[in-house]
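Coordinates in review
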Amino acid sequence: MRQLISRSRVAISQFIYKGILLAVTILFCVGVGVAMANMYRLSSSLIESQALQNATLYAQAIKEARTLYSSDIITPLNTAEVINFTHDYNPTKVTVPVPATFLIELGKNLTKKNPQVSLRLYSDYPFPWRREEGGVRDDFERQAITYLTKNPTKNFFRVDNFRGKPAFRYAEGDILSSSCVNCHNTHRDSPKTDWKVGDLRGILEITQPLDTLTENTQSELKNLFLLLVGLSFLGVTGLILAISRLRQNAKQLEQRVRERTAQLQETNVELLKEQEKSDRLLLNILPESIAARLKDGQSSIADGFAEVTILFADIVGFTVLSAQRSPEELLDFLNEIFSAFDSLTEKYGLEKIKTIGDAYMVVGGLPNPSTNHAESIAEMALDMQEELAKFNAKHHAGINIRIGINTGPAIAGVIGTKKFIYDLWGDAVNTASRMESHGIAGEIQVTQSTYDILQNKYLFKDRGIIHVKGKGDMNTYLLAGRLASALSV
C-alpha cells in the first residue's frame, strides 16, 4: 500500500512538473504571438505617426514660406508699376509669380530635391489655366475637400494606394489671407469673386510613399523583437531551471519527510506498545473502570457499596509443602493454583483484590454493582475446591484450602501514588477474613448474611455458634454444594 501511494505521489509530481513546463512553453508561445501582434500594430502606428509628423512639418514650412512671400514681398512690390506679377511665371523673364504660383513652383522644386515626397495644390475653384492640373482627381481629394470645407482648421489624412504603392496622403486647407482676397476677387479670370478672409481657397496635399519609412521602422522593430525574444528565452530558461531546482529540493524535502514520518511511525508504534504494556500492567492491578478513571485525571477514588460479597481463601498445608520443595518449584505450584483461581474470577465476573503469601482475596458486586454477587462467589468457592483437587491429583500433593465468605457493605478505593492498589475496607471485610481464619480446612464457611441470600440455591450445613475474635459469638454455615433445582449462575 505504501509503495502504491509512493508511486502515485511520484506520478502526480511528474505530471505536475510536465504540466508546468507545458504551461510555461504555451505562455512563452502566446507571449511571442502577442508581442508580434503588438509589434505589428506598433509598427503601423509608428509609421503613420512618423508620416503624419513629416507631412505636418512640410505643410507648415510651405505655408509659412508662402505667407512670408505674400506679405513681405508681393505686398510691398505691388505698388511698383515696373514689376510684372503673373501666374505664368517664367524664370527667364522679368516677372514675379503670384503667391499660388510661387507655392506650386516651390512644391515642384521640393519634389525634385526629394522624390519620396509629392506636393500638390488643388481646389474646387481652379483658375481656367489650371483646371486640368489644379482640379480634383480622385476619391481621396474629394473627401479631403468635403471634410476640410466643414473643418478648415483641421487636417485630413490616411494611408492609401498611390501610384501602385502604399503611401501616406496628408491634406490641409489653404486659407485665404487678407493679402490675397482682393486679388482673387478682382482678377478677370477668377472663378469666384466673393472671397472672404478665412475661406478655404484650396487644398495643400503632401503624399509620402511608405516603402522606405516602413522598411526602416520594421527593421528597428525587428531588432527590438529579436531582443525581446532573446530576453524571453533567457527568462523561460531561467524559470525552467528554477522550477527544476525547486522540484529537486521538493524531492529532497519529500524524502526527508518520508524518513522523518517513518521514524515518527516507528516511534508511535513503540509508544503504542509501551502504552499497551502500561495499560496491561495497570489492568493487572486495578479494575478496568477504575483504571479509566485514573487515566482521566481523578486522583482520589473511593466508592461506597451497600452490599458486596467477599471471599478469603488460604492454602492449608502449604507450609509443609514448602519444606519439601525448592523455592522455584514452590513458586511454580503457587502460580499454577492462583492462575486457576484467576481464571475462575474472570469466568464469574468477579474482582480479584490481592494475594498475600498463600492467601487469596476476591470480591463480587464491585466496582460495577451486580445483583448476583453472592451466587458468583459461591460458585467460585466450589470451583476452587475442584481446582485444588485436580492440582493434588496432578502433583500427588496433599494440600487443602480453607475459605471464608461474608456479605455486607464496604468501601473500595485506590491507595498509593506510585504503586497503586485497589483495596476494600469495612467491617464486612474483617468478618470475611475471620470466616477464613476461623474456618475448617477443606470447608467453605459463610456468615448468616450470606446464608440468607443463598439458602434456597445451595446446600448448607449448620456449623452452629462459634466464637470469633473481635466479633464475639456468631452463627455460621458451611457451603456443601449446589441444589439440583438451583439456577446456574
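See above for the structure.
What counts and what doesn't
Residues numbered from 1 in each chain as written. Predicted model: local features only at pLDDT ≥ 70, side-chain atom pairs only at ≥ 80, totals over all residues. Heavy atoms only, no water. Patch = residues over 30% accessible without salt bridge, like charges linked within 9 Å, V, L, I, M, F, W, Y side chains within 5 Å. Areas by Shrake-Rupley, 256 points an atom, 1.4 Å probe, with all protein chains shown as cover. Salt bridge = Lys/Arg side-chain N within 4 Å of Asp/Glu carboxyl O. Helix = DSSP H or I, 4+ residues; strand = E, 2+ residues; numbered from the N terminus. Buried < 20%, exposed > 50% of the residue type's maximum accessible area, 1.4 Å probe, protein only. Pairing = 2+ DSSP bridges. Axes fitted to C-alpha atoms, helices over the stretch in contact; angles between N-to-C directions. Contact = heavy atoms within 4.5 Å. Core = buried A, V, L, I, M, F, W, Y, C linked by side-chain atoms within 4.5 Å. Parallel < 35°, antiparallel > 145°, perpendicular 65-115°, else oblique. Left-handed = near helix turned anticlockwise from the far one by under 90°. Nonpolar A, V, L, I, M, F, W, Y, C, P; charged D, E, K, R; others polar. Phe/Tyr/Trp six-rings, centres within 6.5 Å; stacked < 30°, edge-to-face > 60°. Polar contact = N/O pair within 3.5 Å; in protein donor to acceptor, adjacent residues only side chain to side chain. Expected span 1.5 Å × (residues − 1).

Considerations on a nonpolar patch on the surface
A contiguous nonpolar surface patch, about 580 Å² in accessible area, is contributed by L224, L227, L228, L231, F233 and L234. For F233, the position within the fold is in helix α6 (residues 211–285). A relative accessible area of 51% places F233 in the exposed class.

Topic: the sheet that holds strand β4 (residues 155–162)
The sheet built from four strands is open, its strands ordered β3-β6-β5-β4 with antiparallel pairing. Edge positions in the open sheet fall to β3 (118–122) and β4, since each of these has one partner strand only. Recorded for the sheet is a direction-independent mean angle of 25 degrees between the axes of neighbouring strands. Alignment of β3 against strand β6 (residues 200–209), held across five bridges, turns out to be antiparallel. When the sheet's bridge partners are listed, L121 is paired in β6 with L204. Packed onto the sheet, helix α4 (residues 139–150) meets β3, β4, β5 (165–175) and β6 and runs at close to 175 degrees relative to β4.

Focus: the nonpolar core
By size, the foremost hydrophobic cluster in this structure holds 38 residues, and its most contacted members are L311, F341, M380, M384 and I403. In terms of residues, this core owes the most to one element, helix α10 (residues 373–395), which gives nine residues. Core analysis: the next-biggest nonpolar cluster, separate from the first, contains 17 residues, V363, A410, V429 and A432 among them.

Focus on the packing of helix α9 (residues 327–347) against α10
Viewed as axis vectors pointing N to C, α9 and α10 meet at an angle of 150 degrees, and their least axial separation amounts to 10 Å. By the angle class used here, α9 and α10 are roughly antiparallel. Between α9 and α10 the crossing geometry is right-handed. Each of F333, E336, I337, A340, F341, L344, T345 and K347 in α9 lies in contact with α10, whose residues at this interface are M380, D383, M384, E387, L388, F391, K394 and H395. Considered class by class, the residues forming the contact of α9 with α10 number nine nonpolar, two polar and five charged.

Focus: the packing of aromatic side chains
For the structure shown, the criterion picks out nine aromatic pairs. Geometrically, the ring pair formed by F338 and F341 is tilted, given 6.1 Å between the ring centres and 40 degrees between the ring planes. Of this pair, F338 and F341 are both found in helix α9, three residues apart, which corresponds to roughly one turn of the helix. Through successive ring pairs, a cluster of aromatic residues spans F140, Y147 and F156.

Notes on unusual backbone geometry
Put simply, L366 and P367 share a cis peptide bond, and its omega is 0 degrees. Here P367 shows up in the loop between β9 (359–364) and α10. Even without a glycine there, the phi angle at H396 is positive, about 55 degrees. When you line up the elements, H396 lands in the loop between α10 and β10 (400–415). Residue class for H396 comes out exposed when judged on its relative accessible area of 73%.

Quick word on the side chain of R120
Among the structural elements, R120 can be located in strand β3. Within the structure, the side chain of R120 is placed 2.4 Å from the backbone oxygen of G135, a separation counted as a polar contact. Here R120 is in contact with E133, G134, G135, V136, R137, E141, I203, L204 and E205, once residues within four sequence places are set aside.

Digging into the pattern of salt bridges
Counting across every chain of the model gives 19 salt bridges. A salt bridge links E336 to K394; its shortest N-O distance comes to 3.2 Å. Taken together, the residues E336 in helix α9 and K394 in helix α10 connect sequence positions 58 residues apart. Of the residues examined, K394 reaches a relative accessible area of 56% and is grouped as exposed. Where salt bridges share partners, they join R120, D138, D139, E141, R158, D160, R169 and E205 into one cluster.

As for the pairing of β5
In terms of burial, β5 is a largely internal element, eight of the 11 residues being buried. Examined bridge by bridge, β4 and β5 share eight bridges and lie antiparallel to one another. Pairing of N161 across the sheet is with P166, part of β5. Connecting β4 to the antiparallel partner β5 that follows it, the hairpin turn spans two residues, and R163 within it adopts a positive phi of roughly 55 degrees. Direction of pairing for β5 relative to β6: antiparallel, over a ladder of nine bridges. Looking at the pairing, Y170 lines up with I206 of β6.

Some remarks on α10
Here α10 contains 23 residues, and its C-alpha end-to-end distance of 33 Å stays within 8% of the 33 Å for a straight helix at 1.5 Å per residue. H396 sits one or two positions beyond α10 and adopts a positive phi of about 55 degrees.

Any functional reading would require information beyond the geometric quantities listed.
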